[in-house]
Amino acid sequence: MPTTQQCAVIGHPVAHSLSPAIHRAAYRSLGLDWSYRAVDVEPGGLPAFVAGLDETWRGLSVTAPHKIDLVGLGAPDETVRRLGVANTWVRTADGPVVANTDVTGFVLACRTRGLPAPGSVAVVGAGATARSVIAAAAQLGAHDLTIVSRSLERSSQALMLAAELGLEAQWMPLGEAGPGALSGVDLLVSTVPAAGLAEVAEGLVAGVATVFDVVYDPWPTPLATAAAHAGAPVLDGLDLLAGQAVDQVRLMTGHEVPLDLLRSAAQDGLNARL
């Protein structure tokens with residue numbers, strides 16, 4: 001296999017992604033002459049894109065809206081089989097494999113920041129990222145889960161997943177998540193766009209111990225601002241982005257890189273936009 005390998009982040013839109021800054025920093029630290037760029041692929045176009053990759057392509061980081069489509073494009077790991085969501089494609093000698101590093105990345109981010117094991121977790125949203133968060137919550141030792149969303153029907157898969165993982169799960173309509181509705185929850189995680197919570201942010205964080213908003217730009221989000229005012233610790237999307245990249249780099253290159261290196265690269269990339 002050629003020394004110089006190609007990798008990329010695939011999404012739509014994807015120009016805003018900080019993944020190139022993160023992975024290029026990893027390659028520099030490892031002394032690898034690899035390339036990594038952002039490629040915009042229209043919804044539904046991922047299978048054709050992957051089919052057209054030549055042998056110089058080693059790996060893909062895959063983001064919205066392709067995380068479910070990626071599942072069928074390689075041999076899935078156990079997490080992918082259970083969640084039906086993948087974010088990593090890697091070419092191996094035995095053929096392509098697909099993995100989910102969002103779960104391990106979320107766990108790594110929480111533990112690196114020194115968060116105590118959460119007994120109860122509330123997740124805002126019920127999409128692909130929410131499924132990964134639910135699996136991570138189970139790994140962190142949670143026993144109680146609340147899914148906060150606008151639609152019970154659209155939350156059914158997430159609720160079923162939580163039950164399969166041994167979590168006591170319930171659904172709360174977003175419109176009913178008023179002040180104190182989540183009081184006592186150890187960890188509140190938002191997986192939805194920042195603007196969608198502007199009017200309910202203060203109510204959501206009331207009485208919550210820690211907040212993790214997977215958004216990183218624009219920052220601070222209304223949820224993060226409300227959490228700061230309430231005195232609750234806040235993790236952001238850069239923590240998750242760097243955390244999930246740790247395993248992506250390992251899977252693609254075979255080498256380990258420290259979380260702090262990738263987190264700093266992400267922050268530098270974001271600062272460069274200001």
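Notes on the structure in this doc start here. Note that the structure is a prediction, hence the values are computed from the model and not measured.

## Remarks on the nonpolar core
Now for step 1: Counting 32 residues, the largest nonpolar core has Phe106, Val121, Ile134, Leu145, Leu187, Val189 and Phe212 as the members making the most contacts within it.
Now for step 2: Elements that contribute at least two residues to this core include exactly α4 (102–112), β7 (120–124), α5 (128–139), β8 (144–149), α6 (156–164) and β10 (187–190).
Now for step 3: Broken down by element, this core gets its largest block of residues, six residues, from α5.
Now for step 4: When near neighbours in sequence (up to four residues on either side) are disregarded, Phe212 contacts Phe106, Ala109, Cys110, Leu187, Leu188, Val189, Ser190, Leu235, Asp236, Asp239 and Leu240.
Now for step 5: Counting 21 residues, the second largest nonpolar core, distinct from the first, contains Val185, Ala201, Ala224 and Ala227.

## Structural notes on the packing of helix α9 (residues 237–253) against helix α10 (residues 259–271)
Now for step 1: α10 packs onto α9 with a crossing angle of 135° between their chain directions and a minimal axis gap of 9 Å. Classified by the angle their axes make, α9 and α10 are oblique. Crossing angle aside, the handedness with which α9 passes α10 is right-handed. Along its contact with α9, which presents Leu238, Asp239, Ala242, Gly243, Ala245 and Val246, the element α10 presents Leu259, Leu262, Arg263, Ala266, Gln267 and Leu270.
Now for step 2: Broken down by class, the residue content of the contact of α9 with α10 amounts to eight nonpolar, two polar and two charged.

So, how was this worked out
- Residues numbered from 1 in each chain as written.
- Predicted model: local features only at pLDDT ≥ 70, side-chain atom pairs only at ≥ 80, totals over all residues.
- Heavy atoms only, no water.
- Core = buried A, V, L, I, M, F, W, Y, C linked by side-chain atoms within 4.5 Å.
- Buried < 20%, exposed > 50% of the residue type's maximum accessible area, 1.4 Å probe, protein only.
- Helix = DSSP H or I, 4+ residues; strand = E, 2+ residues; numbered from the N terminus.
- Contact = heavy atoms within 4.5 Å.
- Axes fitted to C-alpha atoms, helices over the stretch in contact; angles between N-to-C directions.
- Parallel < 35°, antiparallel > 145°, perpendicular 65-115°, else oblique.
- Left-handed = near helix turned anticlockwise from the far one by under 90°.
- Nonpolar A, V, L, I, M, F, W, Y, C, P; charged D, E, K, R; others polar.

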